[in-house]
Amino acid sequence: DNLNTFRTEALCQWVEGVIDSPWPPEAWADCYHAGLQIEAGLPTFLAIDVTPDRKHAALVAVQQLDDDRLAAHLVDTWDAVGSIDDLQIAGTVAEVARKLQARSVAYDRWTAAGIASRLAGAGIPVGDCSGPAFSQACDELLGAMSSKRLAHAGQEVLTEHVLSTAKKYTSDGGWRIIRAKSAGPVAAAVALAMAVHYAVQPLPRATVIFA
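The rules behind each value
Residues numbered from 1 in each chain as written. Predicted model: local features only at pLDDT ≥ 70, side-chain atom pairs only at ≥ 80, totals over all residues. Heavy atoms only, no water. Helix = DSSP H or I, 4+ residues; strand = E, 2+ residues; numbered from the N terminus. Buried < 20%, exposed > 50% of the residue type's maximum accessible area, 1.4 Å probe, protein only. Contact = heavy atoms within 4.5 Å. Phe/Tyr/Trp six-rings, centres within 6.5 Å; stacked < 30°, edge-to-face > 60°. Lys NZ or Arg CZ within 6 Å of the ring centre and 35° of its normal. Pairing = 2+ DSSP bridges. Axes fitted to C-alpha atoms, helices over the stretch in contact; angles between N-to-C directions. Salt bridge = Lys/Arg side-chain N within 4 Å of Asp/Glu carboxyl O. Arc of directions from axis to C-beta. Polar contact = N/O pair within 3.5 Å; in protein donor to acceptor, adjacent residues only side chain to side chain.

## So, the overall build of the chain
Here's step 1: When helices and strands are tallied, the chain shows seven helices and eight strands.
Here's step 2: By residue count, 45% of the 211 residues in the chain fall in the buried class.
Here's step 3: Taking contacts inside the chain between residues at least 6 apart in sequence as the whole, the part at least 24 apart equals 65%.

What follows is the structure in structure tokens.
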């Protein structure tokens, strides 16, 4: 283990900052774009994430800009003393998805399958982004951030969640955001990675064939 992990796990010491952050220093700050707002009409990809304890949830939108950058927006968050209400969240997500004409709503089947089922039943396109797909999503978010293809408006909660994330390496040599060792709730960061995963996929283009 690295020094911070050893201090935390073996010595039970509090370590300032994030344990093994996935992001290069200042990468998130370098993607800041003042005044960035959600724009109707842009290709939009949503993602909803719920923490395993069901006390927090976050809805994130990623839009494809004309200059090939990806604009990240925290749309809504939910907090509960007991357990969040799937029905309420599904209703809000469906409303946002219809308003922005979202191409898809990504979700983790281990934590948000109930919400996704309600969305699918209402005719909202959903996409599972769990398991290996989530590891790929985390790497795609890292790539977008490192290349400054990601843009954000510096929203406080989104920034807090992104900077609170911790990294875990997987058995196949990849990595993913890990909730357990992150410094607080990271639902918005997880949702951001899932939304980026769908936003970086090539959009289908119409083909015209002249006979």
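## So, the packing of aromatic side chains
Here's step 1: Under the criterion given, the structure shown has one aromatic pair.
Here's step 2: Relative to Trp175, the ring of Trp23 has its centre 6.0 Å away and its plane inclined at 75°; by these criteria the two rings are edge-to-face. In this pair, Trp23 is assigned in the loop between α1 (3–9) and α2 (27–30) and Trp175 in strand β8 (residues 175–178), connecting sequence segments 152 residues apart. Trp175 carries the same exposure label as Trp23, and that label is buried.
Here's step 3: Over the ring of Trp175 we find Lys167, and its NZ or CZ is 5.3 Å from the ring centre.

## Some words on the sheet that holds strand β5 (residues 126–128)
By definition, the strands of a sheet pair up through backbone hydrogen bonds, in either a parallel or an antiparallel sense.
Here's step 1: A sheet is described by the order of its strands in space; here six strands give the open sequence β5-β4-β1-β2-β3-β6, paired in mixed fashion. Edge positions in the sheet fall to β5 and β6 (150–152), since each of these pairs with one other strand and no more. Strand-to-strand twist across the sheet, computed as the mean angle between neighbouring axes with direction ignored, equals 30°.

## Section: the pattern of salt bridges
When the charged atoms of two side chains with opposite charge come close together, those side chains can pair.
Here's step 1: Throughout the structure, instances matching the rule amount to four salt bridges.
Here's step 2: The salt bridge partner of Asp67 is Arg69, with a shortest N-O separation of 2.9 Å.
Here's step 3: The exposure class of Arg69 is partly exposed, given its relative accessible area of 22%.
Here's step 4: For Arg109, the salt bridge goes to Asp128, with nearest N and O atoms at 2.9 Å. Here Arg109 is found in the loop between β4 (104–107) and α4 (113–121), whereas its partner Asp128 is found in strand β5, with 19 residues between them in sequence.

## Digging into the pairing of strand β2 (residues 56–64)
Here's step 1: In terms of burial, β2 is largely enclosed, as eight of its nine residues are buried.
Here's step 2: Of the strand pairs in this sheet, strand β1 (residues 44–50) and β2 are connected by seven bridges, and their pairing is antiparallel. Residue pairing for β2: Ile48 is matched across the bridge by Leu59.
Here's step 3: Connecting the antiparallel pair β2 and strand β3 (residues 70–79) is a turn made up of five residues, with Asp68 showing a positive phi of about 75°.

## Examining helix α6 (residues 156–163)
Here's step 1: Residues Leu158, Thr159, His161 and Val162 constitute the buried set of α6. Down the axis of α6, the buried side of the element spans an arc of 165°, and every buried residue falls inside it.
Here's step 2: The inward-facing, buried residues of α6 contact α2, β3, α5 (132–146) and α7 (187–199).

## Focus: the side chain of Asp49
Here's step 1: By the secondary structure assignment, Asp49 is in strand β1.
Here's step 2: A polar atom in the side chain of Asp49 sits 2.8 Å from the side chain of Arg179.
Here's step 3: Ignoring anything within four residues of it in the chain, the contact list for Asp49 reads His56, Ala57, Ala58, Asp108, Thr111, Arg179, Ala187, Val190, Ala191 and Met194.

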